[in-house]
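# Chain and residue survey
For reference, the chains in residue letters:
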Amino acid sequence: CALPYDGAVDVWSVGCIFGELLGMQMENCPDPSTRDPLFPGESCGELSGEDRRSGMHRRKGKEQLDLILQVIGTPAQHQLQHLDKDMRDYILSTPKVDGVDLSTNYPAASQDALDVLKAMLCFFPGERLSIDQALASPYLEAVRNPQFETVSDRPMQSDIVNESERSKNLLVNVVREVMHYRSK
């Protein structure tokens, strides 16, 4: 299914990164050799933690979705309406799972951290924490200073990526564009 790209996609991405960062804290995982990715995909080789996660329900071609559902749990049926019929049918055909208790994965994380992580990883984009809600969460209250935040009145538009552009030029152009907007 093709959903419009909006802030909910970015919040999901930040939630994934935040979960990974929580998992990297020494208090949550003292032995780095036992640390697993939040959603250990098949294509990550040894990083997938396959040996420690055997027995998970996985169907060919849907491995990443299965891993997500194992962590966040099976979404309620109303949270599937944005998906195409094949994807809805697939999710409804999988065994219902409750997801993991994030406090078990991240025992040293505060309840505020776990709450914002769970809200960022809500399956249905329409119920996912917004960017502004995430920034206003109690977890970030002590480090956030809205006086120093810059909010654009329009979405960023960029022409830095062209089909023929090589990746080494992309970084130069990204830095150039950031510096251009930073000076305004």
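Right, let's walk through the structure included here. Because the structure is predicted, anything quoted here is derived from the model rather than measured.

## Things to note about the overall build of the protein chain
When helices and strands are tallied, the protein chain shows seven helices and zero strands. Mapped in sequence order, the helices and strands of the protein chain form the string α-α-α-α-α-α-α. Evaluated residue by residue, the protein chain yields a buried proportion of 30% over its 184 residues. Summarising the internal contacts of the protein chain: among those between residues at least 6 apart in sequence, 55% fall at separations of at least 24.

## Things to note about the packing of aromatic side chains
Aromatic ring pairs are reported here in terms of the distance separating the ring centres and the angle at which the planes meet. Scanning the entire structure with this criterion turns up two aromatic pairs. Ring centres of W12 and F39 lie 5.9 Å apart, and the angle between their planes is 10 degrees; on these two criteria the pair is classed as stacked. Of this pair, W12 sits in helix α1 (residues 7-24) while F39 sits in the loop between α1 and α2 (63-72), and the two are 27 residues apart along the sequence. On the accessibility criterion, W12 (17% relative accessible area) is buried.

## Here we look at the nonpolar core
By size, the foremost hydrophobic cluster in this structure holds 20 residues, and its most contacted members are F39, Y106, L117 and L121. Taken together, the elements giving at least two residues each to this core come down to α1, α2 and α5 (111-120). With residues near it in sequence (within four places) discarded, Y106 still touches G19, L22, G23, N28, L38, L114 and L117. Counting seven residues, the second largest nonpolar core, distinct from the first, contains L65, L80, L83 and I91.

## What about α1?
The α-helix advances 3.6 residues per turn, and as a result positions three or four apart in sequence lie on the same side. Taking 1.5 Å per residue as the helical rise, α1 with its 18 residues ought to reach 26 Å, and the 26 Å between its terminal C-alpha atoms agrees with that figure. For α1, the complete set of buried residues consists of A8, V11, W12, G15, C16, F18, G19, L22 and G23. Looking down the long axis of α1, one finds its buried residues gathered within 165 degrees of arc, a one-sided arrangement. Looking at the buried positions of α1, the neighbouring elements they touch are α2, α5 and α6 (131-135). N-cap assignment for α1: the residue whose side-chain oxygen lies 3.0 Å from the backbone N of A8 is D6.

## Comments concerning the pattern of salt bridges
In this structure the tally under the stated criterion is four salt bridges. Its salt-bridge partner being D89, residue K85 comes within 2.6 Å of it at the nearest N-O pair. Of this pair, K85 and D89 both sit in helix α3 (residues 85-93), four residues apart, which is roughly one turn of the helix. Residue class for K85 comes out exposed when judged on its relative accessible area of 52%.

Conventions and cut-offs
Residues numbered from 1 in each chain as written. Predicted model: local features only at pLDDT ≥ 70, side-chain atom pairs only at ≥ 80, totals over all residues. Heavy atoms only, no water. Helix = DSSP H or I, 4+ residues; strand = E, 2+ residues; numbered from the N terminus. Buried < 20%, exposed > 50% of the residue type's maximum accessible area, 1.4 Å probe, protein only. Contact = heavy atoms within 4.5 Å. Phe/Tyr/Trp six-rings, centres within 6.5 Å; stacked < 30°, edge-to-face > 60°. Core = buried A, V, L, I, M, F, W, Y, C linked by side-chain atoms within 4.5 Å. Expected span 1.5 Å × (residues − 1). Arc of directions from axis to C-beta. Polar contact = N/O pair within 3.5 Å; in protein donor to acceptor, adjacent residues only side chain to side chain. Salt bridge = Lys/Arg side-chain N within 4 Å of Asp/Glu carboxyl O.

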